[in-house]
Amino acid sequence: MTSFSQILHKFRKESLSEKDKGFRFERLMQAYLKTTSLYESLFETIWLWSEFPYKEQFGGKDIGIDLVAQTFTGDYWAIQCKCFAEGNYINKADVDSFLSTSSKTFEVNGETIGFAQRL
């Protein structure tokens, strides 16, 4: 079985750019959240930001949220993925746009809602 560290090493080695590495990592996190026992019974759907049906209400562009999960109870979670080099730390500037965007509301079937959780 391949370890998480081995997968990250492969991503870093084979990625064509930082954008490519980020996209690969987001897909990995989407698959992880769909299949890990910690979250598989919580999330009904997990979208990449580009697939999220309400992204146009946020301008449609990449604005800090990488994944959006919808729980079986209908809540939406904003998720940000970071694939930094080993030993690097995430600081406030790295998550500012995520925090700002994930605090906004959006409309679903005529109802204004916000993200219930941030991950």
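Residue positions are given per chain, counting from 1 as you read along its sequence in written order. Reporting in this predicted model follows two pLDDT cut-offs: at least 70 for local features of residues, and 80 or more for side-chain atom pairs to be given and counted; totals over whole chains, interfaces and linings ignore these cut-offs and use all residues. Values reported for side chains reflect all heavy atoms of the structure, with hydrogen atoms and water molecules removed beforehand.

> Looking at this structure, how should I read the overall build of the chain?
The helix and strand labels rest on DSSP assignments: H or I over at least four residues marks a helix, E over at least two residues marks a strand, and numbering proceeds from the N terminus. A tally of regular secondary structure across the chain gives three helices and six strands. Overall, the chain shows an N-to-C arrangement of helices and strands of α-α-β-β-β-α-β-β-β. Here the globule rule reads 2.2 Å times residues to the power 0.38, and the radius of gyration is calculated from C-alpha atoms. Taken against the 2.2 N^0.38 rule, which gives 14 Å for 119 residues, the C-alpha radius of gyration of the chain at 15 Å falls within 12% of a compact globule. Along the first, second and third principal axes, the C-alpha atoms of the chain reach 45 × 30 × 25 Å. Counting across all 119 residues of the chain, residues that qualify as buried make up 38%. Here, two residues are considered to be in contact whenever any of their heavy atoms come within 4.5 Å of each other. Summarising the internal contacts of the chain: among those between residues at least 6 apart in sequence, 47% fall at separations of at least 24. Computed with a 1.4 Å probe, the accessible areas rest on the Shrake-Rupley method; for each residue, only the protein chains presented here act as cover. Entry remark: accessible area of the chain is about 7700 Å², with carbon and sulfur atoms responsible for 50%. Neither His nor the chain ends contribute to the count of charged residues, in which Lys and Arg are positive and Asp and Glu negative. Note on charges: their place is set at NZ of Lys, CZ of Arg, CG of Asp or CD of Glu. Taken together, the 14 basic and 16 acidic charged side chains of the chain have centroids lying 6 Å from each other. Only protein chains enter the area calculation, which uses a 1.4 Å probe; residues under 20% of their type maximum are buried, those over 50% are exposed, and those in between are partly exposed.

> So what exactly am I meant to see when it comes to the nonpolar core here?
It is characteristic of soluble globular proteins that their nonpolar side chains tend to be buried jointly. Note on terminology: a nonpolar core comprises buried Ala, Val, Leu, Ile, Met, Phe, Trp, Tyr and Cys residues joined through side-chain atoms within 4.5 Å. In this structure, Phe25, Leu33, Phe43 and Leu67 are the most contacted members of the largest nonpolar core, which totals 16 residues. Where this core is concerned, the elements lending two or more residues are helix 1 (4-14), helix 2 (18-35), strand 1 (43-48), strand 2 (67-71) and strand 3 (76-79). The greatest single-element share of this core, amounting to four residues, is contributed by helix 2. Those residues in contact with Phe25, other than ones at most four positions away along the chain, are Phe4, Leu8, Phe11, Cys81, Lys82 and Cys83. Within the second largest apolar cluster, 14 residues are counted, among which are Trp47, Tyr76, Phe98 and Phe115.

> It is not clear to me how the pattern of salt bridges should be interpreted in this structure. Could you clarify?
Throughout this description, the term salt bridge denotes a Lys or Arg side-chain nitrogen within 4 Å of a carboxyl oxygen of Asp or Glu. Taken as a whole, this structure holds two salt bridges when the rule is applied. Among the salt bridges present, the one from Glu56 reaches Lys55, with a minimum N-O distance of 3.9 Å. Judged by relative accessible area, which is 58%, Glu56 ranks as exposed. What makes Lys55 buried here is its relative accessible area of 19%. The closest approach of N and O atoms between Asp96 and Lys92, which form a salt bridge, is 2.8 Å. Taken together, the positions of Asp96 and Lys92, both in helix 3 (residues 92-102) and four residues apart, correspond to about one turn of that helix. For Asp96, a relative accessible area of 33% puts it in the partly exposed group. Given a relative accessible area of 61%, Lys92 falls into the exposed group.

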